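In case you want the letters, here they are:
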Amino acid sequence: MFVARRYISFFIITCIAITLPFLRINDTHLFLLSFDKLELHLFFTRFDMQELYLMPFVFIILFLFIFFITTLGGRIWCGWACPQTLFRVVYRDLLCTKILGIYKSTKNKQTSGENVFLKLVSIIIWTAISALIASNFMWYFIPPEDFFNYIKNPAEHKLLIGILTFITTWLVFDIVYLKEKFCVYICPYARIQSTMFDTDTIQVIYDEKRGGKIYNANEKLPRHKPSSDALCTNCEACVKICPTHIDIRKGMQLDCINCLDCVDACTQVMAKFNQPPLISWTSNKALITNTKVKYARFRTIAYCIVLFIAISALFLMSGKKEHMLLNINRTTQLYSVTKSNEVENYYVFLFQNTDKKEHSYYFEVLDSNISIVSPTTPIVIKPGAKQRVVVTLKSHSLNLNDTKDTPINIKVNAFATDEKEKINVKRDTIFIYPKKL
Ligand code: SF4
Ligand code: SF4
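Residues numbered from 1 in each chain as written. Chains lettered and ligands numbered in written order. Predicted model: local features only at pLDDT ≥ 70, side-chain atom pairs only at ≥ 80, totals over all residues. Heavy atoms only, no water.

## Focus on the site of ligand 2
Consideration 1: Around ligand 2, the neighbouring residues are Y206, C232, T233, N234, C235, E236, A237, C238, R249, C266, M270 and I279.
Consideration 2: Taken together, the residues of the shell around ligand 2 sort by class into eight nonpolar, two polar and two charged. (Near = heavy atom within 4 Å. Nonpolar A, V, L, I, M, F, W, Y, C, P; charged D, E, K, R; others polar.)

## A closer look at unusual backbone geometry
Consideration 1: Residue S374 is joined to P375 through a cis peptide bond whose omega torsion reads 5°.
Consideration 2: Locating P375 in the fold gives a position in the loop between strand 12 (370–374) and strand 13 (379–381).
Consideration 3: Backbone geometry places N234, a non-glycine residue, at a positive phi of 60°.
Consideration 4: Inspection of the secondary structure puts N234 in the loop between helix 10 (208–211) and helix 11 (237–240).
Consideration 5: Residue classification places N234 among the buried positions, given a relative accessible area of 15%.
Consideration 6: With phi around 65°, N258 is a residue other than glycine that occupies positive phi space.
Consideration 7: The exposure class of N258 is buried, given its relative accessible area of 3%. (Helix = DSSP H or I, 4+ residues; strand = E, 2+ residues; numbered from the N terminus. Buried < 20%, exposed > 50% of the residue type's maximum accessible area, 1.4 Å probe, protein only.)

## Re helix 4 (residues 83–99)
Consideration 1: With 17 residues, helix 4 extends only 21 Å from end C-alpha to end C-alpha; this falls clearly short of the ideal 24 Å at 1.5 Å per step.
Consideration 2: Across the 17 residues that make up helix 4, a large majority, 12, are buried.
Consideration 3: Contacts made by the buried residues of helix 4 are with helix 1 (2–19), helix 3 (76–80), helix 5 (116–138), helix 7 (158–178) and helix 8 (181–186). (Expected span 1.5 Å × (residues − 1). Contact = heavy atoms within 4.5 Å.)

## Quick word on the sheet that holds strand 13
Consideration 1: On the basis of which strands lie adjacent, the open sheet formed by four strands has the order 13-11-15-16 and antiparallel pairing. Among the strands making up the open sheet, the edge pair consists of strand 13 and strand 16 (424–433). Sheet twist, expressed as the average angle between the axes of neighbouring strands with direction ignored, equals 30°.
Consideration 2: With three bridges connecting them, strand 11 (residues 359–365) and strand 13 associate as antiparallel partners. Pairing of Y361 across the sheet is with I379, part of strand 13. (Pairing = 2+ DSSP bridges. Axes fitted to C-alpha atoms, helices over the stretch in contact; angles between N-to-C directions.)

## Side note on the domain arrangement of the protein
Consideration 1: By the assigned domains, the protein splits into domain 1 (2–194), domain 2 (198–289) and domain 3 (324–433).
Consideration 2: Relative placement of domain 1 and domain 2: their C-alpha centres are 31 Å apart.
Consideration 3: The interface of domain 1 with domain 2 comprises 26 residues on the first partner and 22 residues on the second.
Consideration 4: For the pairing of domain 1 and domain 2, the buried interface totals around 2,000 Å² over both sides, and the portion due to carbon and sulfur atoms is 55%.
Consideration 5: Applying the counting criterion to the domain 1 and domain 2 interface returns two salt bridges.
Consideration 6: Here D261 ties to R6 by a salt bridge, and the two come within 3.3 Å at their closest N and O atoms.
Consideration 7: In this assembly, domain 1 and domain 2 are joined by 18 residue pairs in polar contact (both at pLDDT 80 or more).
Consideration 8: Those elements giving two or more residues to the side of domain 1 that touches domain 2 turn out to be helix 1, helix 2 (55–73), helix 3, helix 4, helix 8 and helix 9 (188–192). (Domains from an automatic or database assignment. Buried area = accessible area lost by both parts, 1.4 Å probe. Salt bridge = Lys/Arg side-chain N within 4 Å of Asp/Glu carboxyl O. Polar contact = N/O pair within 3.5 Å; in protein donor to acceptor, adjacent residues only side chain to side chain.)

## A word on the site of ligand 1
Consideration 1: The local shell around ligand 1 consists of V204, C242, P243, T244, I246, I248, C256, I257, N258, C259, L260 and C262.
Consideration 2: For the shell around ligand 1, the residue count by class is 10 nonpolar, two polar and no charged.

Written out as structure tokens, the structure reads:
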């Protein structure tokens, strides 16, 4: 039965979702996108927001994975991993049906509960669960160790409390009132996923050859008597159990969330006749040709290769983390010429220590004509901190051009004085020589 396997999938996903924000080594998380501290933590490496060149890789991998999984397994995400489906199963099947008994059976999802008191109890319990889910969601953006400190002082963290309240309210509205209407009318993935299907994509399909044609091509009304040799008993177990209230015997529909409940229902019915189910999780091609589903095909292999390249690039890039950042800007004053005929140029260097320990930073100009006037000593910066430094460079006037200023490209090599080989960055900037006249 698919239902048991889906519950195992939901359980594993829930465990991962809850534990992942707590996985950290020395204050660096496995994954954290901290808006609070403007940091990205990936594979226990901390990146500053200025290092977000990694984010496109994360998004490319995410989209490629969605394309790949949809081409391979259709709406497998919807039925087996989507939080919306998971929350609906917890609320409708576990809380309302199994625990509170508002609905008689999980096999009939077309009924609505009559007991107003129990319904109210279910909403109160779900509101508490929603608050936990909202907190769990926030841990991906605010590390749990900070989150628990923040909520002790709600008055000082009104934005956090506001976001938590909004997500909780939305979850109650969505799961209790919107239900599967969210999947049918709002979810954008439901709209686009069919464009990624091919004839080998696995879907939930009713076998019309064995079961009989239930619906006329142009009519929506079921013919209650399929032909005499048709195996479908018209028991409608598959219709009653469907959370999106559709009849899969009409053919593949946008509303189907791939939960496979109808397959389980028909399996039980057909078992009584020693027959395999009339609804199965297979591809159109496999059903028509009576063969096995072809998983390894050009499109799926191509997606795998591109995904492998993108993931390798992400690993490679995350291993090349810079332990310091440096932005160089020129001040508004272009230059000045001293009495001894030296040209001075002025800059603002923004150093940032992205390492886990304190360092002192200094720099050199890779141009023998140019020397540093100030600062004269290294700058000490704490881990994660930034510091602006006004820098003056000087050179003897070269009188390169009689009528206009001459900018010369120069290279600055900045480094941590204690670990120069490991922590250093090179930046390009310009040094301007004044015109002669
Ligand atoms: S048609 Fe079947 S698989 Fe699709 S949503 Fe309904 S019960 Fe689930
Ligand atoms: S559960 Fe099977 S036998 Fe019953 S109506 Fe659905 S397809 Fe026909």
